[in-house]
Amino acid sequence: MKVGALDVKVLNLKEKLFDGEATKVLLPAIDGEMCILPHHVSIMTVLVPGTIKIFRAVSDRIISIKVTGGICSFSDNSAVFILQ
Amino acid sequence: MANLKELRNKIGVIKSTRKVTAAMKLVAGVKLRKVERKVSESREYAIVINRILTRLRREFLETVPELLSGREHVANVMLIVFSSDRGLCGNFNYLIQKFVTKTVHGIRSIGHRVHLVCIGKRLFDGLKNSFSMGVSFELVPDFYNADRLYENSVALAEKVVRSFRDWNVDKILIVSTKYYSAVKQVIETKQLIPLEIEPNHDETITIFEPTANEILQQLLPQNIAAQIYQSALESIASEQSTRMTSMDSATRNADEMLYDFTIKYNRLRQNKITQELVEVISGAEAIVER
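From a predicted model like this one, the values you see are computed outputs, not experimental measurements.

Criteria and thresholds
Residues numbered from 1 in each chain as written. Chains lettered and ligands numbered in written order. Predicted model: local features only at pLDDT ≥ 70, side-chain atom pairs only at ≥ 80, totals over all residues. Contact = placed C-beta atoms within 7 Å. Helix = DSSP H or I, 4+ residues; strand = E, 2+ residues; numbered from the N terminus. Nonpolar A, V, L, I, M, F, W, Y, C, P; charged D, E, K, R; others polar. Pairing = 2+ DSSP bridges. Buried ≥ 20, exposed ≤ 12 C-beta atoms within 10 Å, placed from the backbone. Axes fitted to C-alpha atoms, helices over the stretch in contact; angles between N-to-C directions. Core = buried A, V, L, I, M, F, W, Y, C linked by C-beta atoms within 7 Å.

## Quick notes on the interface of chain A and chain B
So, step 1. At the interface, 20 residues of chain A touch 22 residues of chain B.
So, step 2. Counting residues per element, the ones that place at least two in the side of chain A that touches chain B are β2 (16-29), β4 (43-47), β7 (70-75) and β8 (78-83) of chain A.
So, step 3. In terms of residues, the side of chain A that touches chain B owes the most to one element, β4 of chain A, which gives four residues.
So, step 4. Per-class residue counts for the side of chain A that touches chain B are eleven nonpolar, five polar and four charged.
So, step 5. By the bridge criterion, three bridges tie β4 of chain A to strand β6 (residues 207-209) of chain B in an arrangement that is parallel. Its bridge partner being in β6 of chain B, M44 of chain A is matched across the sheet by F208 of chain B.

Here it is, written out as structure tokens:
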């Protein structure tokens, strides 16, 4: 893994929406927008309707994924989104 | 001994049956490949959701929600069984029917009532007259509609949660055929409520936003929908794989029959020709002798 990057997986039941490395992730958490950077403390949060923004590590592209709800779990430098 | 016309008809029938079975094998193969990809993706989702639940479970050592732990006293058990809507898939439905009958008898023998939720017409038709007391039935119609499978799974999950909360269902099980490969499928029972979670030895401290309880409240129904959807996909994959295998052996059988009947037909035809020739020659000889 690239230094200063975190693993990100975005899944819904039908398909895998994203699987790769990112430098940071912005997500619509229940208490407001949250930013996850590499080596963040372990956290689990409920998502509200909004957009997840993934800043890719391999390029400058930002990937936006619209969500209606779900859960985000971050531990061991890996963020997993389970969408509804 | 069959005459030539009968044999010709038989060969014609076998040829058209062979065409049908060969086409069905191809169609089942294409459908299987499509659903195989979905199965592997939904498996990953189910694994991740289970891992999150394992992490959450540690937070609830004393007050575990009922949807996770189930009820202490069990009187009614709901069995969600996945079979198929269509036949011509070998012993796929028969094996499930046999397994369910055994499971239901097992549950009944310890005094619990059983409510069977049948997904797939075949099983419903096969089982509805098999049990008498203490077993109720329900068929979920048109569940396997390819465009609405996900929506149907979510609707069934909502119904399952409702029947646990409002009615007297205390324990919920899923019976479906797990798809391992094109040659290996195994019928398995999965416990939905109470949920079976592996013990967690991870000591990492996790922050929960807003609270672990609220995350769990959202995750549990989502997990039930995921388990139902995954079981449905595995069942479809197993059905298509069994259909492919059985249609393949049907095609091979048709080939063998076609070979046998063609040889028989040719022999009979040759006999007839020889006989006619003998008649013509002996007739000609009789004329010459005169």
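Past the structure itself, the notes keep going.
## Side note on the environment of I236 of chain B
All names here are of chain B.
So, step 1. With respect to the element layout, I236 can be found in helix α6 (residues 212-289).
So, step 2. I236 gets classed as buried once you count the C-beta atoms within 10 Å, which come to 26.
So, step 3. Distance in space between the C-alpha atoms of I236 and R86 is 11 Å, their sequence separation being 150 residues.
So, step 4. Apart from the residues lying within four places of it in its own chain, the contact partners of I236 are V35 and Y144.

## A word on the sheet that holds strand β4 (residues 171-181) of chain B
Residue and element names in this part refer to chain B.
So, step 1. In space, the five strands of this open sheet follow the order β3-β2-β1-β4-β5, with mixed pairing throughout. Of all strands in the sheet, those bounded by a partner on one side alone are β3 (135-140) and β5 (184-193). Averaged over all pairs of adjacent strands, the angle between their axes in this sheet comes to 20°, without regard to strand direction.

## Brief notes about the nonpolar core
Soluble globular proteins tend to bury their nonpolar side chains together.
So, step 1. I71, A79 and F81 of chain A together with L79 and V81 of chain B are the most contacted members of the largest nonpolar core, which has 80 residues in total.
So, step 2. Element by element, the count of residues in this core is highest for α6 of chain B, at 15 residues.
So, step 3. Ignoring sequence-local partners within four residues, the contact set of V81 of chain B consists of I96, V100, L116, V117, C118, I119, L123 and V175 of chain B.

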